[in-house]
Amino acid sequence: MIFNIGGIILGMILLLGGAELLVRGSSSIARYFKISNVIIGLTIVSFGTSLPELVVTTLASIQGSADIALGNILGSNITNILLVLSITALITPIAIKSRALKREVPIAIFGALLLIVMGGSIFGTPNMISRPEGFLLIAVFSCFLWYIIRLFTNERISSTQPESAPNYGIEGSSPKIAGLLIVIGVASLGLGGDMLVTHASEVAKILGLSEAFIGIVIIGIGTSMPELATSAVAAFKKEVDLAIGNIIGSNIFNIFWVVGLSAAIRPLYFNPVLIVDAVVGLGAVLLLSVFLLFYKKRFVLSRPEALLMLAAFVGYVTYIYIRG
């Protein structure tokens, strides 16, 4: 038992460290080639911080632990909205400036809704996300990525205003150093993800807990720590667009790419118990959209709303614990 707990902790450390190295290396390359700040925030940073979810979910899918695979995604997405975003807004109220982020929220809503529908099956058997559905999710993600790149294709970092770019890379690093960071980061993610899935499954068996509980609470929250760290730093630097872009972008990446890739590799059994968590995930994004897109004309997420979202997260985790 102690050995498995140690394996979980070490796996988390490797995941967080690997994600940090990968984000820094990718950001350094992006800055070196003068890629747009917005693209850095919406793609490189948000996708980079979601790589722990990608590694854990893919490995869990390969090993046949579908509850951990889907539980990780659902738990991570709920954590991103109700915990990470609320803590970010407590640091500094979030006012969306970028039109792209306002468009991302409906895409996140669509992804959460689509996951619920797929739980009842579109192409395959009931309670199963089939390979065709996985490829459909990947196709939608490809369209989203094309949209983001095309939308900002003409934006570049101005050489006369280098301070305006959020720096998540290593200042002055060469592409070779940045590439080395990426390689080490990917290796760390692979090793950490394998350790986390293996030892978490063993703990679930020993304690009599369901894999869904382990995936949603322990792994889901744990793999969201890169998003929390990145968004908190962005909030302290007053880069609120980057903070919320990282969170919403990560949720989109998790559903369309991570679940899509995992289902394409091996069809995922959708445990009916998880439908409640999928609905909570949809509700969390809808709650965010109410605060940001409808409730206030200035698109501000203030501290009172953040406290409400944090309370909702505590209530949700309590429900998961009671459910077992």
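**Examining the overall build of the protein chain**
- Along the backbone of the protein chain there are 12 helices and 4 strands.
- For the protein chain, the proportion of its 324 residues judged to be buried stands at 54%.
- Restricting the contact set of the protein chain to residue pairs at least 6 apart, pairs at least 24 apart contribute 84%.
- Here the protein chain displays about 13,400 Å² of accessible surface, and carbon together with sulfur accounts for 70% of that area.

**So, the packing of aromatic side chains**
- Across all of its chains, the model carries 4 aromatic pairs by this definition.
- Note on Phe110 and Phe256: the rings are 6.2 Å apart at their centroids and 20 degrees apart in plane angle, and the pair reads as stacked. Linking Phe110 in helix 5 (residues 99-119) with Phe256 in helix 10 (residues 240-265), this pair joins segments that are 146 residues apart in sequence.
- According to the relative accessible area criterion, Phe110 is partly exposed, its value standing at 41%.

**A closer look at the confidence of the model for the protein chain**
- Here the protein chain averages 77 in pLDDT, while 79% of its residues score no lower than 70.
- Per-residue pLDDT stays below 50 along residues 157-166; that stretch engages in 17 contacts with residues further than four places along the chain or on separate chains.

**Details of helix 12 (residues 303-323)**
- Compared with the 30 Å implied by 1.5 Å per residue over 21 residues, the 30 Å span of helix 12 between its first and last C-alpha is a close match.
- Among the residues of helix 12, Glu305, Ala306, Met309, Phe313, Tyr316 and Ile320 are the ones counted as buried. Here the buried residues of helix 12 occupy an arc of 100 degrees about the axis, which is enough to place them on one side. Turned more than 90 degrees away from the buried face of helix 12 sit Pro304, Tyr321 and Ile322, all of them exposed.

**Some thoughts on the nonpolar core**
- Ile81, Leu85, Ile129, Val259 and Leu268 are the most contacted members of the largest nonpolar core, which totals 75 residues.
- Discounting residues that sit within four places of it in the chain, Ile129 has contacts with Leu70, Leu115, Met118, Val259, Ala263, Pro267, Leu268 and Phe270.

**A word on the side chain of Thr57**
- Here Thr57 shows up in helix 3 (residues 51-62).
- Within the local environment of Thr57, its side chain forms a polar contact with the side chain of Asn72, the two groups lying 2.8 Å apart.
- With residues near it in sequence (within four places) discarded, Thr57 still touches Ala69, Asn72, Ile73, Val258 and Ser262.

**A few points about a nonpolar patch on the surface**
- Taken together, the side chains of Met1, Ile5, Ile9, Leu10, Ile13, Ile206 and Leu207 define a hydrophobic patch exposed on the protein surface, amounting to about 630 Å² of accessible area.
- Listing elements by their share of the nonpolar patch, those giving two or more residues are helix 1 (2-32) and helix 7 (175-207).
- Take the nonpolar patch: its biggest share by element is 4 residues, from helix 1.
- On the basis of relative accessibility, which here comes to 47%, the residue Ile206 falls in the partly exposed class.

**Observations regarding the environment of Leu83**
- Mapped onto the secondary structure, Leu83 falls in helix 4 (residues 66-91).
- Residue class for Leu83 comes out buried when judged on its relative accessible area of 13%.
- In this structure, the C-alpha to C-alpha distance between Leu83 and Ala312, residues 229 residues apart in sequence, is 8.9 Å.
- In this view, Leu83 contacts Ile78, Leu310 and Phe313; residues no more than four positions away in its chain are not counted.

**Quick word on the packing of helix 4 against helix 12**
- Interhelical geometry of helix 4 versus helix 12 gives an angle of 145 degrees and a closest axis separation of 8 Å. Along this stretch, helix 4 crosses helix 12, giving a crossing that reads as left-handed. Of helix 12, the residues touching helix 4 (which contributes Ile78, Thr79, Ile81, Leu82, Leu83, Leu85, Ser86, Ala89, Leu90 and Ile91) are Arg303, Ala306, Leu307, Met309, Leu310, Ala312, Phe313 and Tyr316.
- Among the residues forming the contact of helix 4 with helix 12, the class breakdown is 15 nonpolar, 2 polar and 1 charged.

**Topic: the packing of helix 3 against helix 7**
- The N-to-C vectors of helix 3 and helix 7 enclose an angle of 55 degrees; their axes lie 9 Å apart at closest approach. Taken as axis vectors, helix 3 and helix 7 run oblique relative to one another. The interaxial crossing formed by helix 3 with helix 7 has right-handed handedness. Seen from helix 3, the contacting residues are Leu51, Pro52, Val55, Val56, Leu59 and Ala60; seen from helix 7, they are Leu189, Gly190, Gly193, Asp194, Leu196 and Val197.
- Looking at the contact of helix 3 with helix 7, its residues break down into 9 nonpolar, 2 polar and 1 charged.

**Examining the environment of Pro93**
- Within the secondary structure, Pro93 sits in the loop between helix 4 and strand 1 (94-95).
- Residues Pro93 and Ser302 lie 209 residues apart in sequence; the distance between their C-alpha atoms is 4.6 Å.

Rules behind the numbers
Residues numbered from 1 in each chain as written. Predicted model: local features only at pLDDT ≥ 70, side-chain atom pairs only at ≥ 80, totals over all residues. Heavy atoms only, no water. Helix = DSSP H or I, 4+ residues; strand = E, 2+ residues; numbered from the N terminus. Buried < 20%, exposed > 50% of the residue type's maximum accessible area, 1.4 Å probe, protein only. Contact = heavy atoms within 4.5 Å. Areas by Shrake-Rupley, 256 points an atom, 1.4 Å probe, with all protein chains shown as cover. Phe/Tyr/Trp six-rings, centres within 6.5 Å; stacked < 30°, edge-to-face > 60°. pLDDT = per-residue confidence, 0-100. Expected span 1.5 Å × (residues − 1). Arc of directions from axis to C-beta. Core = buried A, V, L, I, M, F, W, Y, C linked by side-chain atoms within 4.5 Å. Polar contact = N/O pair within 3.5 Å; in protein donor to acceptor, adjacent residues only side chain to side chain. Patch = residues over 30% accessible without salt bridge, like charges linked within 9 Å, V, L, I, M, F, W, Y side chains within 5 Å. Salt bridge = Lys/Arg side-chain N within 4 Å of Asp/Glu carboxyl O. Axes fitted to C-alpha atoms, helices over the stretch in contact; angles between N-to-C directions. Left-handed = near helix turned anticlockwise from the far one by under 90°. Nonpolar A, V, L, I, M, F, W, Y, C, P; charged D, E, K, R; others polar. Parallel < 35°, antiparallel > 145°, perpendicular 65-115°, else oblique.

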